[in-house]
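# Structural overview for review
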Amino acid sequence: MLKRSKSFAICRDKGQITAGGLCRLAVALHLTGALPIVPAHAGNDTAGHRGQQQLEEVVVVALRREVSAQLIPVSINSFDSAALDTLGIANIGDIRAQVPNFLVDRFPASNQTLRLFIRGIGIADVQITQDPAVGVYLDGIYLARSTGLAADVADLKRIEVLRGPQGTLYGRNTTGGALNLVTARPDKEALAFTQELGAGNRGRLYARTTLNVPLGEASAMKLAALFQQQDGFIDNGGPGGNFGDRQAEAYRFDWRWQPDETFTLDYAWDRTRLESFNYTPQAVVPREPDGSPADEVILSSRRFVPYGDDRFSRLDTSVALLPNDTDIEGHALILAWMLPGVTLKSISGWRELSDLSYVDFASGASGEYRVDFQQIAIGVDSGTPQTFETVRTSLSQDQFSQELQAFGSLSPRLDYVAGLYYFRETARENWFPLHHISSFPSLATDDQADIVTVRGEDNDIENEAVAIYGQLSWNPDVLESRLQFSLGWRRSEDERSVNRRFRQDNYLDFGDTVLG
């Protein structure tokens, strides 16, 4: 494939954008060598046909309409249902080794939160105060938070990975790329039932059930359920769960009403529950002091932390390792009208997310050195001890989005896509009450006292965005129709607010006396 592109941007602030606006005009020139799709010819297998490799046509929605992946000038990877089954893919995290220039990394504080990078573009610190650079869409509905992206989808049909900015084809603007998760729709023609069971090493169990039921000539419904569990690869010899253990269950209900060939209504409800235990980082070599204030921690902790060049099969926590629990629920309503020369589509989405996560970064250290959110008491010999209770970080989020699309052809060689988009989100990430973060013996006191840090943090956000976008694609009858011009434009307005509360206290705990 030979591809040339040139783009420029024009931005103008009208004054009413409180937290950022975008106005973009993009022009692109694409020269594409399409891969041949060779049909099978029964009884007519010529030498020419035998010399060519037959390629199955892959249909994607990368341009917000169903087109052949071999005929569009877009950098894309697509996995159909057969590939998903063969590779055992049930969520985004499962495709990390299947797509070039695509990195999926689990956030250290939560295995159920994914950091996505395409061509090196992404965000390293997952917070509700910033949006991911790689957009994730479930049946066209934007998923705003990285938390819970490791969730399994009960009835996946296809996954598409698009590289590069997606501002003139998608309602939510993203700079790194986009992932489309496409689920299977109900079939009006036949009653169908499928049951898949699987087992593997590390206690892996897998079950997926689907039931498709026609409801007359115009409608059908589908029920799907998925269960999956697997143990981690590092045992925990201390209290609590084992590092990396994971269990997931997902449910989905779809209803399709199609009274004629020009109108389709799709409603979907989905819910996913996840429970997992985070891995703890393994220490490889002791860090050397460098004259910074962190030297006290470095010199003290290296006495209690196990080190090794090879991966340990077991690490021991000194306090109970607690699970992460994630619950995700969503509703989607998609209406499509196919009219002469244009298809109109309305995509409405409501989604809720709740998450409790627990942190233990002590790397299997003994009880003298702790980096966790478990309970701790200071001044236990003073007569008035103070106790900080165990905390799991609480995240709650809900979002609503509405997108109106129009796409079609103005001529056999001129296609267009246009859309209006609205998005609203509220979320809260709460680390209160004050809780233990770290504690270790102080070398400056000859281990007579512990340095104890407690912290609390509370972030509350409200986001609202509107956008208008469009793109024209012209495919002139030259160079075997391999030349395509694209002209795109976008205008976005975002309004954001955040309330943040933070407190950190440091103590020097002698047991009978507490300073701080």
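Okay, so let's go over this structure. In this text the structure is predicted, and so the values were computed from the model without any measurement.

Definitions and limits used
Residues numbered from 1 in each chain as written. Predicted model: local features only at pLDDT ≥ 70, side-chain atom pairs only at ≥ 80, totals over all residues. Heavy atoms only, no water. Phe/Tyr/Trp six-rings, centres within 6.5 Å; stacked < 30°, edge-to-face > 60°. Helix = DSSP H or I, 4+ residues; strand = E, 2+ residues; numbered from the N terminus. Buried < 20%, exposed > 50% of the residue type's maximum accessible area, 1.4 Å probe, protein only. Lys NZ or Arg CZ within 6 Å of the ring centre and 35° of its normal. Salt bridge = Lys/Arg side-chain N within 4 Å of Asp/Glu carboxyl O. Contact = heavy atoms within 4.5 Å. Polar contact = N/O pair within 3.5 Å; in protein donor to acceptor, adjacent residues only side chain to side chain. Core = buried A, V, L, I, M, F, W, Y, C linked by side-chain atoms within 4.5 Å.

## Structural notes on the packing of aromatic side chains
Within this structure, the stated rule accounts for 12 aromatic pairs. Aromatic side chains F388 and Y507 sit 6.2 Å apart centroid to centroid with 40° between the ring planes, which places their arrangement in the tilted category. With a gap of 119 residues between them, F388 in strand β21 (residues 386-388) and Y507 in strand β26 (residues 483-509) connect regions that are remote in the sequence. An identical accessibility class is assigned to F388 and Y507; each is buried. Linked through ring pairs, Y137, Y142, Y170 and F423 together constitute an aromatic cluster. When the ring centre of F432 is taken as origin, the NZ or CZ atom of R501, which lies over that ring, is 4.0 Å away.

## A word on the pattern of salt bridges
By the definition in use, this model includes 32 salt bridges. The partner of D327 in a salt bridge is R271, with the nearest N and O atoms 2.6 Å apart. One end of the pair, D327, is in strand β18 (residues 324-339); the other, R271, is in strand β16 (residues 263-276), with 56 residues separating them in the sequence. Across the salt bridge formed by R500 and E457, the nearest N and O atoms sit 3.0 Å from each other. Here E457 lies in strand β25 (residues 450-474) and R500 lies in strand β26, a separation of 43 residues in the sequence. Judged by relative accessible area, R500 falls into the exposed class, the value being 54%. Each of D131, R145, R172, E425, D494 and R496 takes part in one network of salt bridges that share partners.

## Things to note about the environment of T194
One can find T194 in strand β11 (residues 192-200). For T194, a relative accessible area of 36% gives the class partly exposed. As for T194 and T210, which are separated by 16 residues in sequence, their C-alpha atoms are 5.3 Å apart. Contacts of T194, omitting those with residues within four sequence positions, involve R208, T209 and T210.

## Quick word on the side chain of D458
Tracing the chain through its elements places D458 in strand β25. Polar side-chain contacts of D458 include one of 2.7 Å to the side chain of R428. Once residues lying within four places of it in the same chain are set aside, the contact partners of D458 are R428, E429, N430, F432, N499, R500 and R501.

## Details of the environment of V371
Within the fold, V371 resides in the loop between β19 (342-357) and β20 (376-378). Classification of V371 as buried rests on a relative accessible area of 17%. Setting aside residues no more than four positions away along its own chain, V371 makes contact with V359, D360, F361, A362, H436, I437 and S438.

## Considerations on the nonpolar core
Nonpolar side chains tend to gather and get buried jointly when the protein is soluble and globular. Counting 23 residues, the largest nonpolar core has I92, F102, L116, V136, I159, L179 and L181 as the members making the most contacts within it. Broken down by secondary-structure element, the contributors of at least two residues to this core are β5 (102-107), β6 (110-118), β7 (134-138), β9 (156-163) and β10 (177-183). What I92 contacts, discounting residues up to four positions off in sequence, is F102, V104, L114, L116, V136, L149, L179 and L181. Listed in part, the 15 residues of the second largest apolar core include Y137, V417, A465 and Y469.

## Points about unusual backbone geometry
In this chain, F432 is followed by P433 through a cis amide linkage whose omega measures 5°. Note that P433 resides in the loop between β23 (414-430) and β24 (435-441). One non-glycine residue, R202, lies in the positive phi region at around 50°. One can find R202 in the loop between β11 and β12 (204-214). Its identity is not glycine, yet D446 carries a phi of approximately 55°, on the positive side. Mapping D446 onto the fold places it in the loop between β24 and β25.

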